[in-house]
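Residues per chain are reported as follows:
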Amino acid sequence: MRDFSRKPDSPAENRHPPAIFSVTLVRMVKTLWRPELKRWRVRMVAAFVLTLMAKALAVAAPVFLGEGINLLSDAMPGDNSPPAQGGALRFAALGFVGCILIYGAARFFSNALPQVRDSFFVRVTQNMNRVVAQEAFLHAQKQSLHFHLSRRAGALNRIIERGSGAMEFLLRFLVFNIGPTFVELAMAATVIGILYGPALSVVAVATVLAYTLFTVLITEWRNRLRRAMNEADTELKAVTMDTFTNFETVKAFAAEEREAVRFDGAMRRYMGHFIRSMKSMNLMNIGQEFIMTAGLVGVALTASLAVQQSSMRVGDIMAVILMMTNIYRPLNILGFAWREIKQSSVDVEKLYDLLDEAPSVADVPGAPPLLAKQGAIAFEGVSFAYEGRAPSLSEVSFSIEPGQFVGVVGPSGAGKSTLVKLLFRFYDAEKGRITIDDIDIRTVTQDSLRTALSLVPQDVSLFNDSLRVNVAYGCPGASEDAIRAALEKAQLAAFVDRLPLGLDTVVGERGLKLSGGERQRVGLARAILNDPCILVLDEATSSLDSGTEEEVQHALMAAARGRTTISIAHRLSTIAGADHIIVLDAGKIAETGTHADLITRGGLYARLWQKQRVESEKGMPVMPSPQPVSV
Ligand code: ATP
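Reading the values: the criteria
Residues numbered from 1 in each chain as written. Predicted model: local features only at pLDDT ≥ 70, side-chain atom pairs only at ≥ 80, totals over all residues. Heavy atoms only, no water. Helix = DSSP H or I, 4+ residues; strand = E, 2+ residues; numbered from the N terminus. Rg over C-alpha atoms; globule rule 2.2 N^0.38 Å. Contact = heavy atoms within 4.5 Å. Areas by Shrake-Rupley, 256 points an atom, 1.4 Å probe, with all protein chains shown as cover. Lys, Arg positive; Asp, Glu negative; His and termini not counted. Charge placed at Lys NZ, Arg CZ, Asp CG, Glu CD. Pairing = 2+ DSSP bridges. Buried < 20%, exposed > 50% of the residue type's maximum accessible area, 1.4 Å probe, protein only. Polar contact = N/O pair within 3.5 Å; in protein donor to acceptor, adjacent residues only side chain to side chain. Near = heavy atom within 4 Å. Nonpolar A, V, L, I, M, F, W, Y, C, P; charged D, E, K, R; others polar. pLDDT = per-residue confidence, 0-100. Axes fitted to C-alpha atoms, helices over the stretch in contact; angles between N-to-C directions. Parallel < 35°, antiparallel > 145°, perpendicular 65-115°, else oblique. Core = buried A, V, L, I, M, F, W, Y, C linked by side-chain atoms within 4.5 Å. Patch = residues over 30% accessible without salt bridge, like charges linked within 9 Å, V, L, I, M, F, W, Y side chains within 5 Å. Salt bridge = Lys/Arg side-chain N within 4 Å of Asp/Glu carboxyl O. Phe/Tyr/Trp six-rings, centres within 6.5 Å; stacked < 30°, edge-to-face > 60°.

Moving on to the overall build of the protein chain. Along the backbone of the protein chain there are 19 helices and 10 strands. Radius of gyration (C-alpha) of the protein chain: 36 Å, far over the 25 Å computed for a compact globule of 631 residues. With respect to the three principal axes, the spread of C-alpha positions in the protein chain is 130 × 50 × 50 Å. For the protein chain, long-range pairs separated by at least 24 residues make up 78% of all intrachain contacts whose partners lie at least 6 apart in sequence. Summing over all exposed atoms, the protein chain offers an accessible surface of approximately 31900 Å²; the carbon and sulfur share of this is 61%. In the protein chain, 67 side chains carry a positive charge and 63 a negative one; their mean positions are 5 Å apart.

Our focus in this paragraph is the sheet that holds strand E1 (residues 377-385). The 4 strands lie next to each other as E2-E1-E4-E5, forming an open sheet whose pairing is antiparallel. The open sheet terminates on both sides in strands that have one partner only, identified here as strand E2 (391-400) and strand E5 (439-440). Where E1 meets E2, 6 bridges bridge the pair, whose relative direction is antiparallel. Residue pairing for E2: Phe-384 is matched across the bridge by Leu-393.

Of note, Arg-519 is situated in helix H16 (residues 516-530). By relative accessible area, Arg-519 is classed as buried at 15%. From its side chain, Arg-519 meets the backbone oxygen of Leu-514 in a polar contact 3.1 Å long. Sequence-distant contacts of Arg-519, that is, excluding residues within four places in its chain, are made with Asp-459, Val-460, Leu-462, Arg-510, Gly-511, Leu-512 and Leu-514.

We now examine the site of the ligand. Taken together, the neighbourhood of the ligand is formed by 15 residues, with Ser-392, Ser-412, Gly-413, Ser-417 and Thr-418 sitting nearest. A distance of 3.0 Å is found between an oxygen atom of the ligand and a backbone nitrogen or oxygen belonging to Gly-415. Between the ligand and the protein, one listed contact pairs an oxygen atom with a side-chain N or O atom of His-570 at 3.0 Å. The fraction of the free accessible surface of the ligand (630 Å²) that becomes covered by protein chains is 71%. Sorting elements by how many residues they give to the shell around the ligand places helix H11 (residues 416-423) first, with 4 residues. For the shell around the ligand, a count of residues per class yields 5 nonpolar, 7 polar and 3 charged.

On average, residues of the protein chain score 83 in pLDDT, and 90% of them are at 70 or above. When mean pLDDT is compared element by element in the protein chain, E1 scores highest at 94, while helix H1 (residues 11-14) scores lowest at 42. The model gives residues 1-15 a pLDDT under 50, and that stretch makes 46 contacts with residues more than four places away or in other chains. The low-confidence segment residues 620-631 (pLDDT under 50) makes 26 contacts with residues lying over four places distant or belonging to another chain.

On to the sheet that holds strand E9 (residues 580-585). Here 6 strands make up an open sheet; going across it, the order is E6-E7-E8-E3-E9-E10 and the pairing mixed. What marks the edges here is a single partner per strand, and that holds for strand E6 (453-456) and strand E10 (588-593). Across the sheet, the mean angle from the axis of one strand to that of its neighbour is 20°, orientation sign disregarded. Here strand E7 (residues 534-538) pairs with strand E8 (residues 564-568) via 5 bridges, running parallel. Bridge pairing in E8 places Asp-538 opposite Ile-568. This element, H11, spans strand E3 (405-409), E6, E7, E8 and E9 of the sheet and lies at about 145° to E8. In this fold H16 packs onto E6 and E7, with an angle of close to 170° to the strand it touches most, E6.

We now examine the packing of helix H6 (residues 155-196) against helix H7 (residues 198-245). Helix-helix packing: each pair is described by the crossing angle between the helix axes and the interaxial distance. One can describe the packing of H6 onto H7 by two numbers: an axis separation of 7 Å at closest approach and a directional angle of 155°. Classified by the angle their axes make, H6 and H7 are roughly antiparallel. Facing H6, whose interface residues are Leu-185, Ala-189, Ile-192, Gly-193 and Tyr-196, H7 presents Pro-198, Leu-200, Ser-201, Val-205 and Val-208. Across the contact of H6 with H7, the residue classes break down as 8 nonpolar, 2 polar and no charged.

Judged by nonpolar contacts, the single largest core of 38 residues is most densely connected at Met-167, Leu-351 and Leu-354. Those elements that place two or more of their residues in this core are helix H2 (21-32), helix H3 (41-75), helix H4 (86-142), H6 and helix H10 (314-356). Take this core: its biggest share by element is 12 residues, from H6. Met-167 has contacts with Met-28, Thr-31, Met-128, Val-132, Val-348, Leu-351 and Tyr-352, leaving out every residue within four places of it along the chain. Counting 35 residues, the second largest nonpolar core, distinct from the first, contains Val-396, Ala-429, Ile-436 and Leu-584.

Its location among the elements puts Pro-476 in the loop between helix H13 (467-471) and helix H14 (480-489). Taking the C-alpha atoms as reference points, Pro-476 and Met-28, separated by 448 residues in sequence, lie 36 Å from one another.

A surface patch of nonpolar side chains, amounting to about 370 Å² of accessible area, comprises Trp-33, Val-45, Val-49 and Met-53. With respect to the element layout, Trp-33 can be found in the loop between H2 and H3.

Taken together, the 5 bridges between E1 and strand E4 (residues 431-436) define a ladder with antiparallel strand orientation. Bridge assignment links Phe-379 to a residue of E4, and that residue is Ile-434. Following E4, the chain reverses through 2 residues before pairing antiparallel with E5; Asp-437 in that reversal takes a positive phi of roughly 50°.

Next up on the list: the packing of aromatic side chains. Within this structure, the stated rule accounts for 9 aromatic pairs. A ring pair is formed by Phe-108 and Phe-109, whose centres lie 5.1 Å apart and whose planes are at 70°; its orientation type is edge-to-face. Aromatic side chains Phe-463 and Tyr-473 sit 4.6 Å apart centroid to centroid with 35° between the ring planes, which places their arrangement in the tilted category. One end of the pair, Phe-463, is in the loop between E6 and H13; the other, Tyr-473, is in the loop between H13 and H14, and 10 residues separate them in sequence. Judged by its relative accessible area of 41%, Phe-463 is partly exposed. A relative accessible area of 48% means that Tyr-473 is categorised as partly exposed.

Structure representation (structure tokens):
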């Protein structure tokens, strides 16, 4: 049943090519031997030695029990034999007690040593887990925006969680279980062969081989069924996630029943696959049980023949049966382990793939930090297209003087946000270059670039934490006074004061316990607290009503003073006072100038302005132009 508890991969994730197991294994051992885990190396070696000792004791224990019984039975008078001498009987009894004590000790330690090993090895596996998961987590964070956008939500988390868990599993099973189990089988087969004859040894080994082969073949078949089941499960989870994350839309369209029907359909498909998978598991268990039982019957028959031929004694039979039971016990785990090892090696391989994936936007080796002081920005012939899409920006060139307030406007899809993404190096421009204070942003570290910039985005995303943590996200050590000042500037102080828990109020998942306008002001306070050289406002007041917008606009102007500011706006009134306005259309600069220049020119900007003026005079909300306007 263990395999059903696994969370399935998405179909795309399942298409991972089969891992080359030995390569994965070598990499894992290297991981284990990393300097961060150096202090645990003694424990690793000790654990391995203890495992081998336990296996050797497991093989030896039945031999002593059998010898003890043999000593006693030899000294017992048979039906037709003369009674044994008192001394010989006492000697046999003493020998029996000695053998039993050794058997007891060997049996005890063969079972206790693995427990001792696990108790101190757990620290090693947990630390390995932590080191690998932390590295993968950081690596994923350092990846470009494209990397994250092209992955399903939660997929990365799954890769990290499963990959590190799978490493622990592989380590425990291969090094401490399956590997030593085969060593135990070899030892047991040798001991049986030497002490009780090769026939018994052959039966034991043949049973093991048949069991292993059967398990491997049927597991391969079952894997296909499980994959189909996993895909059905992924679909089911996607339906659930989709519905719950879009609950507002579902409610608004009274689509609850429709969603329930969709859920039921996905559930039925999953159920069908689950039942098939369960049946295949039952079939496998029956087959395994048959082989094991046949092996035991074979051993018993072979032993009875040996007894008839007087080549085995009573104690020997006992020893062989015990040894066989010892061999079969790990065989049970072998079946389960084969399934899990295969899955785990794929999980580990995916984790290594993630670690191997070089970020598409990376710092050049030895890149210096950007020491932006002025905040001059220049785009020089910048072109960019998202993967598989038409160019979003073509040959865009402009420059912004330090301290200027520049508005960027244009119809929806014109490339305004793309411009900002390139400035932050979320993507690298395909052609041309972007400079800050005459330094190409590709030559400096991304950390320093993003410290020099602060973004108040269209949709401020918040962590499910307190307001304090969210406001101070860019400056974790900010003082209470500094946070307070930022809140004041963002026109948020009065709102926070009204909250019973003030700054300790938790904002809910993605900040959903705040209104759109409040979220945006938190984003603004966050940017103000950062005190950046360049401030970027991407529709920063779009969620505010006109009254609040006016207030926040004042705050924005105050925050923008003394630093270069780029403001993307649909509502042209918010940037009418800008030093300079860049009008984008279909990825190209259509025109530039001050508000007065552009109005006089009578081009795209003038038409947008006129349109918005008419709309606001009619009392209609001033909305962005739905249609691109051609120049
Ligand atoms: P809006 O005012 O509606 O926010 P915008 O002017 O900011 O629009 P961008 O978001 O820069 O426009 O988009 C420019 C073009 O690039 C659009 O055609 C858009 O569909 C496309 N685009 C944006 N982001 C991506 C992405 N991650 N992958 C593919 N195409 C994208």
